[in-house]
Amino acid sequence: MTAVFARIGLISFGGPAGQIALMHRVLVDEKRWLDEARFLHALNYCMLLPGPEAMQLATYSGWLLHGTRGGLIAGLLFLMPGALVLVALSIVYLLAGEVTLVQGLLFGLKAAVLAVVLEALLKVSKRALHSPAEVGTAVLSLLAIMLLKVPFPVVIVAAMAVGMLGYLLGGNRAHRVESAASIDAPPLAHLFTTLALWLGIWLRPLALLFLTLGADHVFTQEGGFFSIMAAVTFGGAYAVLAWVAQQAVEIHGWLQPDEMLTGLGLAETTPGPLILVLVFVGFLGGARLSGLDPVLGGLGGALVALWFTFVPSFLFIFAGAPYLEKLREVKWLSAALGSVTAAVVGIIANLALWFGMHVLFGRVETLMAGPLEIPVPQMASLDIASLLIAAAAVVALSVLRLNMIAVLAMAAIMGIVISALG
C-alpha cells in the first residue's frame, strides 16, 4: 500500500478532479482494493468537509484499508511530495526572486493562473447553480466579500443558515445520495477519544507557540490563522484564497499582492492539493518577520502552515468516517451545505476579480461609497503583456483543452522571453 500511495502522491497533478480520477483508477480499477460504491461513499463524505477533499479521500481510503496507520500513511504520502517541492521553490524565490530569469518565469505564471481560476469558476458555476435562489446566493456572497469586506467564515455561516432555513420552510430540497452499506459505528466513547487525541495534536503546538513566542510573533499568528483556514475551507482552495490574500497581504503584511499569484502559480505546478499555496504564504511570512535567518525563518513558517492546515483533515477523517451514514442522513445539514456550494461560486468570482485586477493593472485604487469599498483599477496602468499571456492561456485551456502543466510551462517561457526583451 505504501508504494502505491507514494506513486499517487508523486503524480497527483491537475487539481482535485484529476487527483480523484487518479485514485479511482488506481484503487478501484487497477488494485481493486475498493469497490465503486465504497469509493463514492468516501468521496461524498470528503466533499462535505472543509479542507482539501482529494487529500482527505486518500486518507479515508488508507483508513478503510489499514485503519488509522493506513490513513496516516496515505494522507502523508499524498501531501509531502508537493510540500517538499513547494518549499524548495519558495527558497529559490526568496533567494533569487530578483533575478531577471526568475522574474520573467513568475511574470508568465501569474498571468496564466488567471486562466486557471476563470476555468475553475466556470466549472463550479455549471455544477453548483441550478436555481434562481442559488444564483442569488452566489451574487450576494460575491458582493458581501468584495464590497463590504465581510469575513469569509461569516459568509459561509450565513449561507449555511439560508440553506437550513430554506429546507425548514420547504423551499429547498436536499439531494439524497445513494451509498454503499455503512460500517458499523463504534461506541461514542471512540469518538470522544479520537477527538481528544487529534485536537491535542492540532492545538497543543499552537498553545506552545503562544506561551514561548507570544501572541504577536509571526509563527503564533500564522498558526492561529491557518487553523481557522482549516476549519472553514469549504469548496476547495479557490474559495478561500481571496480571504487568505486579504488577510496575509493587507492585515499581516506577510507578502505582497502579486506574490499571492506567484504562490498560486507555484502550487499549480506541483503535485498535491492546491491549498499547499499556504506553505508559500507561511514561508514568506516566517522569512521576513520571524527575526531568524530568512531561510530558517521561512522553513519554520512553512512547517507551521503545513501542521495547522492539514492536521485538522486527519481529525475530520478519523473522527467522522465511522459515523458517516448517520451524518449523511441529516437532511437539513445536506441542505445547508448545498447552500454553501452556491456561496462558493461567488467567493471564487471574487478571487478571479481580485487576482485579475492585481495582475493586469499596475495600480488599483479603492473608492469609498458609504460602507462599500469598491476596487477601481487604473486603466492607464494596464499591462498589455500580462493580458496577452492570460488570454492565450484561456484559449489553450478552454478551447484547445491543453494540459494545465503544459500551459503554465508555456506561459512561464513567454514571461521569460518578454522580460528578456524588455
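Right above here is the structure, for reference.
Residues numbered from 1 in each chain as written. Predicted model: local features only at pLDDT ≥ 70, side-chain atom pairs only at ≥ 80, totals over all residues. Heavy atoms only, no water.

**Some words on the overall build of the protein chain**
Secondary structure assignment for the protein chain yields 17 helices and 2 strands. The buried share among the 422 residues of the protein chain stands at 51%. Approximately 18700 Å² of the protein chain is accessible, and the part contributed by carbon and sulfur atoms is 69%. (Helix = DSSP H or I, 4+ residues; strand = E, 2+ residues; numbered from the N terminus. Buried < 20%, exposed > 50% of the residue type's maximum accessible area, 1.4 Å probe, protein only. Areas by Shrake-Rupley, 256 points an atom, 1.4 Å probe, with all protein chains shown as cover.)

**Observations concerning the packing of helix H9 (residues 218-232) against helix H13 (residues 294-320)**
Interhelical geometry of H9 versus H13 gives an angle of 30 degrees and a closest axis separation of 9 Å. It follows from the interaxial angle that H9 and H13 lie roughly parallel. The two elements H9 and H13 meet at a crossing, and its hand is right-handed. Contacts between H9 and H13 involve Phe 219, Glu 222, Gly 223, Phe 226, Ser 227 and Ala 230 from the former and Gly 297, Gly 300, Gly 301, Val 304, Ala 305, Phe 308, Thr 309, Pro 312 and Phe 316 from the latter. (Axes fitted to C-alpha atoms, helices over the stretch in contact; angles between N-to-C directions. Parallel < 35°, antiparallel > 145°, perpendicular 65-115°, else oblique. Left-handed = near helix turned anticlockwise from the far one by under 90°. Contact = heavy atoms within 4.5 Å.)

**Considerations on the packing of aromatic side chains**
According to the stated counting rule, one finds 8 aromatic pairs in the structure shown. Ring geometry for Trp 198 versus Phe 318: centroids 5.4 Å apart, planes at 45 degrees, classification tilted. Of this pair, Trp 198 sits in helix H8 (residues 188-213) while Phe 318 sits in helix H13, and the two are 120 residues apart along the sequence. Taking the relative accessible area as the measure of exposure, Trp 198 reaches 8% and is therefore buried. Judged by centre distance (6.0 Å) and plane angle (25 degrees), the rings of Phe 314 and Phe 318 are stacked. Residue Phe 314 and its partner Phe 318 are located together in helix H13, separated by 4 residues, close to a single helical turn. No difference in accessibility class separates Phe 314 from Phe 318, as the two residues are buried. (Phe/Tyr/Trp six-rings, centres within 6.5 Å; stacked < 30°, edge-to-face > 60°.)

**A few points about the pattern of salt bridges**
For the structure shown, the criterion picks out 2 salt bridges. Where Glu 30 meets Arg 7, a salt bridge forms, and the shortest distance between an N and an O atom there is 3.6 Å. Taken together, the positions of Glu 30 in helix H2 (residues 15-30) and Arg 7 in helix H1 (residues 2-10) put the pair 23 residues apart, joining distant regions of the chain. Classification of Glu 30 by relative accessible area gives partly exposed; the value is 44%. Note that Glu 259 and Arg 288 form a salt bridge whose closest N and O atoms lie 2.7 Å from each other. Within this pair, whereas Glu 259 is found in helix H11 (residues 257-268), its partner Arg 288 is found in helix H12 (residues 277-289), the two being separated by 29 residues in sequence. Judged by its relative accessible area of 5%, Glu 259 is buried. (Salt bridge = Lys/Arg side-chain N within 4 Å of Asp/Glu carboxyl O.)

**Notes on helix H6 (residues 132-146)**
Given 3.6 residues per helical turn, the α-helix brings residues three or four places apart onto the same face. Relative to the 21 Å expected for 15 residues at 1.5 Å per residue, H6 spans 21 Å between its end C-alpha atoms, a close match to the ideal helical length. All of the buried residues in H6 are Thr 137, Ala 138, Ser 141, Leu 142, Ala 144, Ile 145 and Met 146. (Expected span 1.5 Å × (residues − 1).)

**Examining H11**
For H11, with 12 residues, the first-to-last C-alpha span of 18 Å sits near the 16 Å given by 1.5 Å per residue. Of all the 12 residues making up H11, 10 are buried; the element is thus mostly covered by neighbouring parts of the structure.

**Re the environment of Phe 219**
Here Phe 219 lies in helix H9. In this structure Phe 219 comes out as buried when scored by relative accessible area, which is 10%.

**Let's talk about the pairing of strand E2 (residues 372-377)**
Two elements, strand E1 (residues 364-369) and E2, share 6 bridges in a ladder whose sense is antiparallel. When the sheet's bridge partners are listed, Glu 365 is paired in E2 with Val 376. Connecting E1 to the next strand, E2, in antiparallel fashion are 2 residues, including Gly 370 with a positive phi near 65 degrees. (Pairing = 2+ DSSP bridges.)

No statement about biological role is implied by the geometric values presented.
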